[in-house]
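# Examination of the molecular architecture
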Amino acid sequence: MKLVTRKQWGARSPRTAASHLAGTKGVKVHYTGSRVDPRMADDHDRCAALVRQIQNGHMDGNGWNDIGYSFCVCPHRYVFEGRGLHKLPAANGAGLNSGHYAVLGMVGNEGLTVPNDAMLHGIRDAIDHVRAKGGAGKEIKGHRDGYSTDCPGAKLYKWVKDGAPRPKGDPTPEPVPDPETAAAALTLVLDLGTEGSVTVAPGARLSIPWTVEHADPSGLHAAKSAAWLPKAADWHLVTFSAIVTGHQKGERLKLVIGEYERTGNIRLKDHFGEDKIGHGTRTEHTVSGLVWLSGDHGYRADLVNHGAESVTVASARLRIAR
Ligand SMILES: [Zn+2]
Ligand SMILES: [Zn+2]
């Protein structure tokens, strides 16, 4: 399941702790009941923004303790953690919340109204998750079952009545790499470096701030930004190296290429990465790999310090070819 934690989507804290929910009979499916901007279908950044907007509406408009849903699912199969597991939701209506977790499919009654296959898979992912970890039973119902509302809209409700089946096939197959094509005639498209050192505290994850542009012919990197933003999806050969000091003998430091939302701080996934074991001396660590860089997202070179001591990055370099 592609979970986006509350921290990752920038949730506000609940006003008071939600009531504990040991388990439920199952799940009730919802839609937003209002207009959803259709541009969201092609722009995952807008999904987190909508979840934040819904939370604000529930807390400031409805006067609720927190967002009313247990989980919210976007058209890119991401499952945003609402109140989450074992917390009483508020979206099902008074007296009906302890019976079912509330799962929102992020479509509305105008604009984006049709749940795509990725969203249906995501809702199933959330249902499987609350069954496995949240004590949810087998029921899958719509908000309108037992409550006077149009929610979850005709399309989601029909799917619920059909038994909420998983769509056939993978909604977003990743392209299969063709190493021969990828390796032929590689051109350097980005070459970034650093100025001055940065420190990674024990347990911390740090995105390298790229302050030096050795080469950026197509403007993929904005000055001093940690992220680079591909303009079109393609295979790229990414090489990330870091010269570190203070990396204690036997301690693990991970070099990893992470995929993030184009703006904001939400990490979508990690691509290749490698644990490097310290020697106790100044060392250059390198990772290199082929990555499918999507034109929709941003990418960063991150260090994760799994050791007990701070590690200092004296300098780092990022070279990308395609
Ligand atoms: Zn509803
Ligand atoms: Zn999305």
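Residues numbered from 1 in each chain as written. Chains lettered and ligands numbered in written order. Predicted model: local features only at pLDDT ≥ 70, side-chain atom pairs only at ≥ 80, totals over all residues. Heavy atoms only, no water.

As recorded by an unreviewed UniProt entry, the chain carries the name Peptidoglycan recognition protein family domain-containing protein and is attributed to Actinocorallia herbida. On record in UniProt, under Sequence similarities (unreviewed entry), the comment for the chain is "Belongs to the N-acetylmuramoyl-L-alanine amidase 2 family." (UniProt positions renumbered as here; feature names shortened; annotations may be inferred.)

### Things to note about the overall build of the chain
Counting its regular elements, the chain contains 5 helices and 18 strands. In terms of principal-axis extent, the alpha carbons of the chain reach across some 65 × 40 × 30 Å. In the chain, which comprises 322 residues, the share counted as buried stands at 46%. Pairs at least 24 residues apart make up 73% of the contacts formed inside the chain by residues separated by at least 6 positions. Each charge class in the chain can be summarised by its mean position, and for the 40 positive and 34 negative side chains these summaries are 6 Å apart. (Helix = DSSP H or I, 4+ residues; strand = E, 2+ residues; numbered from the N terminus. Buried < 20%, exposed > 50% of the residue type's maximum accessible area, 1.4 Å probe, protein only. Contact = heavy atoms within 4.5 Å. Lys, Arg positive; Asp, Glu negative; His and termini not counted. Charge placed at Lys NZ, Arg CZ, Asp CG, Glu CD.)

### Here we look at the pairing of strand E18 (residues 311-321)
Pairing between strand E9 (residues 188-193) and E18: 5 bridges, direction antiparallel. Bridge pairing in E18 links glycine 193 to arginine 317. Of the strand pairs in this sheet, strand E10 (residues 198-200) and E18 are connected by 3 bridges, and their pairing is antiparallel. Directly across from threonine 199, in E18, lies its bridge partner threonine 312. In this structure, strand E13 (residues 234-245) lies alongside E18, joined through 9 bridges in antiparallel fashion. Bridging from a neighbouring strand, threonine 239 pairs with arginine 319 of E18. (Pairing = 2+ DSSP bridges.)

### Quick notes on the domain arrangement of the chain
Along its sequence, the chain is carved into domain 1 (2-161) and domain 2 (179-321). With centres defined by C-alpha atoms, the gap from domain 1 to domain 2 works out at 35 Å. Taken together, the contact pairs 9 residues of domain 1 with 8 residues of domain 2. Summing both sides of the interface, domain 1 and domain 2 together bury roughly 670 Å²; the carbon and sulfur share of this comes to 47%. Joining domain 1 to domain 2, the criterion identifies 0 salt bridges. Linking domain 1 with domain 2 are 2 residue pairs in polar contact (both at pLDDT 80 or more), by the criterion used here. Listing elements by their share of the side of domain 1 that touches domain 2, those giving two or more residues are helix H1 (6-9) and helix H2 (45-61). Here the side of domain 1 that touches domain 2 gets 3 residues from one element, more than from any other, and that element is H2. Residues belonging to the side of domain 1 that touches domain 2 are distributed by class as follows: 4 nonpolar, 2 polar and 3 charged. (Domains from an automatic or database assignment. Buried area = accessible area lost by both parts, 1.4 Å probe. Salt bridge = Lys/Arg side-chain N within 4 Å of Asp/Glu carboxyl O. Polar contact = N/O pair within 3.5 Å; in protein donor to acceptor, adjacent residues only side chain to side chain. Nonpolar A, V, L, I, M, F, W, Y, C, P; charged D, E, K, R; others polar.)

### Here's the deal with the sheet that holds strand E6 (residues 100-105)
Strands sit in the order E1-E5-E4-E6-E2-E8 across an open sheet of 6 strands; the sheet is mixed. Taken across any chain shown, the strands that pair with only one partner, and hence form the sheet edges, are strand E1 (2-4) and strand E8 (136-142). Strand-to-strand twist across the sheet, computed as the mean angle between neighbouring axes with direction ignored, equals 25°. Two elements, strand E2 (residues 24-30) and E6, share 5 bridges in a ladder whose sense is parallel. Paired with histidine 30 across the two strands is leucine 104, which belongs to E6. Its contacts with the sheet place helix H4 (residues 153-161) against E2, E6 and E8, and it is angled at close to 140° to E8. (Axes fitted to C-alpha atoms, helices over the stretch in contact; angles between N-to-C directions.)

### Observations regarding the coordination of the zinc ion (ligand 2)
Taken together, His44 (ND1), Cys47 (SG), Cys74 (SG) and His76 (ND1) make up the protein donors of the zinc ion (ligand 2), found 2.0 to 2.4 Å from the metal. In primary-sequence terms, the residues that donate to the zinc ion (ligand 2) follow H-x2-C-x26-C-x1-H. Pair noted here: histidine 44 is in the loop between strand E3 (35-36) and H2 and cysteine 74 is in the loop between strand E4 (71-73) and strand E5 (78-81), with a separation of 30 residues, a long-range link. No difference in accessibility class separates histidine 44 from cysteine 74, as the two residues are buried. (Donors = N, O, S within 2.8 Å, 3.2 Å for Na, K, Ca; no water.)

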